[in-house]
Amino acid sequence: MEGRIRNHISTHTGDRRWTSALALTAFLAIVAIGSSGCGEKEQQADTAEQALPVTVHAPYREDAIRVISANGSLVADKQVTIISPVSGRIVSKRVDLGSRVAANQVLFVVDYSSLDAAVQQAQAAVSSAEQQAANLATEFARVQRLYAEGGASQSQYDAIRTQKAAADEGVKQARAMLQQAVIRRNDAEVRAPFSGLVGKVFVEVGDMVGPGVPLAVVTEPAPLIAKIQVPERDFGTLRIGQSATVQVASYPNEAFSGTIRQISPILDAMTRMADVEILLPNRDQRLKAGMYARVEIEADRRPNALMVPSNAVLQEASLVAGSTVSNITRTYYLFVAEGERAVRRNVTLGYTTGDRVEITSGIRPDDKIIVQGHSFLQNGQRVSPASE
């Protein structure tokens, strides 16, 4: 019995050893298969790295132009608001909005009936004063002769001489009053000070007006002036006669040429801006006073510069902590295709001209600049470049 038990135990122990050996063999096989599978996946992933399609273009050789841009308004070089110089009712209106007028042309007539009466009274006063002065001149000649012959006293002579002088002064005053009356009468006919166009009309026939009441606006359509303000940093680059271009919303695809006519000798202490006037010939008179204008002035030009499309340049910002204030620094960069890899290049920017920007350092003339497909590129990433 005891022998059978030992044999049974021995047999059972052997079975367990056999089972463990089989399990260990299976485990090692699974590990080996798993390791082989992972290696194959890594190899497949490395083989499957896809090349990102990008578009490349060599840098452009163009003039880099520094442009000062400013917004302003167009105003007429000659424009005046016509006001009434006299009081009365408008009895004649001889122009309308947009009418072309000549210099000294009558635009409005104010009722001048009372002014005519004033002229007549002044004329009568002149006639009376002249008659009185003539009588006293005759009397003075008589007394002067008697005084020379001893037939008139000194006091008689002095008295008539004083009366004659007063009569002569009265004639001068009467004539001056007549001249003023005639001027007021003529002012009732309101005239254009220069040739141009009627830009606004404020009154109609029958309206009562008084001195200083605006009647109309007369403007000369050419030339025009673009008035802008330029910041202090650009002030030193401006000069009289410098070329400028002007664009307006009415003609979005056209640029109108002009020149700097005036530069203010002072800057506003609050805004640090200077007033500048651009003269526009406006010979075809398409531009109108009051239009909103965008002005560009060429401040500097660098010929044969390396230029790339502005959208090819990316930037990243970083915060640099200082002792008192933290500053934000910006780094500009682009990608260059070198073989099948995208290589990041930090660059220094120059002038921006239109949709292209000057690169002053960081690229070579024969580089293949990635201009499309670069937004999410990483340095060293595989690419498939195609020329633009």
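Along each chain, residues carry numbers from 1 onward, in the same order as the chain's sequence is written. Predicted model: local features are reported for residues with pLDDT of at least 70 only, side-chain atom pairs are reported and counted for 80 or more only, and whole-chain, interface and lining totals are derived from all residues. To get the side-chain values, all heavy atoms of the structure are used, and hydrogens and water are removed first.

### Focus: the packing of helix α2 (residues 113-149) against helix α3 (residues 154-187)
Part 1 of the reasoning: Axes here mean lines fitted to C-alpha atoms, for a helix over just the part in contact, with angles spanning 0 to 180 degrees between N-to-C directions. Numbered from the N terminus, helices here are DSSP runs of H or I no shorter than four residues, and strands are runs of E no shorter than two. With their axes 8 Å apart at the nearest point, α2 and α3 run at an angle of 160 degrees to one another. Between α2 and α3, the angle falls in the class roughly antiparallel. Remark: the crossing between α2 and α3 carries left-handed chirality.
Part 2 of the reasoning: When residues are sorted by character, Ala, Val, Leu, Ile, Met, Phe, Trp, Tyr, Cys and Pro go into the nonpolar class, Asp, Glu, Lys and Arg into the charged class, and all the rest, Gly among them, into the polar class. Residues that form the contact of α2 with α3 fall into these classes: 22 nonpolar, 7 polar and 9 charged. Any angle that is under 35 degrees is reported as roughly parallel, and any over 145 degrees as roughly antiparallel; angles of 65 to 115 degrees are reported as roughly perpendicular and all others as oblique. Crossing handedness: left-handed means the near helix sits turned counterclockwise from the far one by under a right angle, and right-handed means the same turn made clockwise.

### Quick word on the side chain of Ser 264
Part 1 of the reasoning: Within the secondary structure, Ser 264 sits in the loop between β13 (256-263) and β14 (273-280).
Part 2 of the reasoning: The exposure class assigned to Ser 264 is buried, which follows from its relative accessible area of 16%.
Part 3 of the reasoning: Pairs of residues are marked as contacts when any of their non-hydrogen atoms sit within 4.5 Å. Setting aside chain neighbours within four positions, we find Ser 264 in contact with Phe 235 and Asp 275. The classification of residues rests on relative accessible area computed with a 1.4 Å probe and restricted to protein chains. Under 20% of the type maximum is buried, over 50% is exposed, and intermediate values are partly exposed.

### Notes on the confidence of the model for the protein
Part 1 of the reasoning: Known as pLDDT, the predictor's per-residue confidence is scaled from 0 to 100. The share of residues in the protein with pLDDT of 70 or more is 86%, and the mean pLDDT across the chain is 86.
Part 2 of the reasoning: Mean pLDDT per element in the protein: helix α1 (residues 2-47) is the minimum at 41, and β14 is the maximum at 97.

### What to know about the packing of aromatic side chains
Aromatic rings considered in pairs are described by the distance between their centres and by the relative angle of their planes.
Part 1 of the reasoning: Planes of paired rings set the category: under 30 degrees apart is stacked, over 60 is edge-to-face and the rest tilted, where pairs are Phe, Tyr or Trp rings (Trp by its six-membered ring) whose centres lie within 6.5 Å. Under the counting rule described, the total for this entry stands at 4 aromatic pairs.
Part 2 of the reasoning: Centre to centre, the rings of Phe 140 and Tyr 157 are 5.8 Å apart; their planes meet at 35 degrees, and the pair counts as tilted. Remark: Tyr 157 occurs in helix α3 and Phe 140 occurs in helix α2; sequence separation between them is 17 residues. Like Phe 140, the residue Tyr 157 is buried in the burial classification.
Part 3 of the reasoning: Residues Tyr 251 and Phe 256 carry aromatic rings whose centres are separated by 5.9 Å and whose planes lie at 65 degrees to one another, so their mutual orientation is edge-to-face.
Part 4 of the reasoning: The rings of Phe 140, Tyr 147 and Tyr 157 are connected pair by pair, giving a single aromatic cluster.
Part 5 of the reasoning: Whether a charge lies above a ring is judged from NZ of Lys or CZ of Arg, which has to be within 6 Å of the ring centre and within 35 degrees of the ring normal. It is Arg 185 that lies over the ring of Tyr 112; its NZ or CZ is 3.6 Å from the centre.
Part 6 of the reasoning: For the cation-ring pair, Arg 344 lies above Tyr 333, with the distance from its terminal atom to the ring centre recorded as 3.9 Å.

### So, α3
In an α-helix there are 3.6 residues to a turn, and that puts residues three or four apart on one side.
Part 1 of the reasoning: Under the convention used throughout, the expected extent of a helix is 1.5 Å for every residue step, that is, one less than its residue count. End to end, α3 covers 50 Å across 34 residues, agreeing with the expected 50 Å (1.5 Å per residue, within 8%).
Part 2 of the reasoning: For α3, the complete set of buried residues consists of Tyr 157, Ile 160, Ala 167, Val 171, Ala 174, Leu 178, Ala 181 and Arg 185.
Part 3 of the reasoning: Buried positions along α3 lie against α2 and β7 (189-191).

### Points about the sheet that holds strand β8 (residues 196-201)
Part 1 of the reasoning: Here, any two strands with at least 2 DSSP bridges between them count as paired. In spatial order, the strands read β3-β10-β8-β5; together these 4 strands make up an open sheet with antiparallel pairing. The sheet is open, and its two edges are formed by β3 (79-83) and β5 (100-101), each paired on a single side.
Part 2 of the reasoning: For β5 and β8, the ladder comprises 2 bridges, and the chain directions are antiparallel. Paired with Val 101 across the two strands is Gly 196, which belongs to β8.

### Observations concerning the pairing of strand β17 (residues 327-338)
Part 1 of the reasoning: Bridging between strand β16 (residues 314-320) and β17 involves 7 bridges; their strand directions are antiparallel. In the sheet register, Leu 319 faces β17, and the bridge partner there is Ile 328.
Part 2 of the reasoning: In this sheet, strand β18 (residues 341-346) lies alongside β17 in antiparallel orientation, the contact comprising 6 bridges. Bridge pairing links Tyr 333 to Asn 346 in β18.
Part 3 of the reasoning: Connecting β17 to the antiparallel partner β18 that follows it, the hairpin turn spans 2 residues, and Gly 339 within it adopts a positive phi of roughly 70 degrees.

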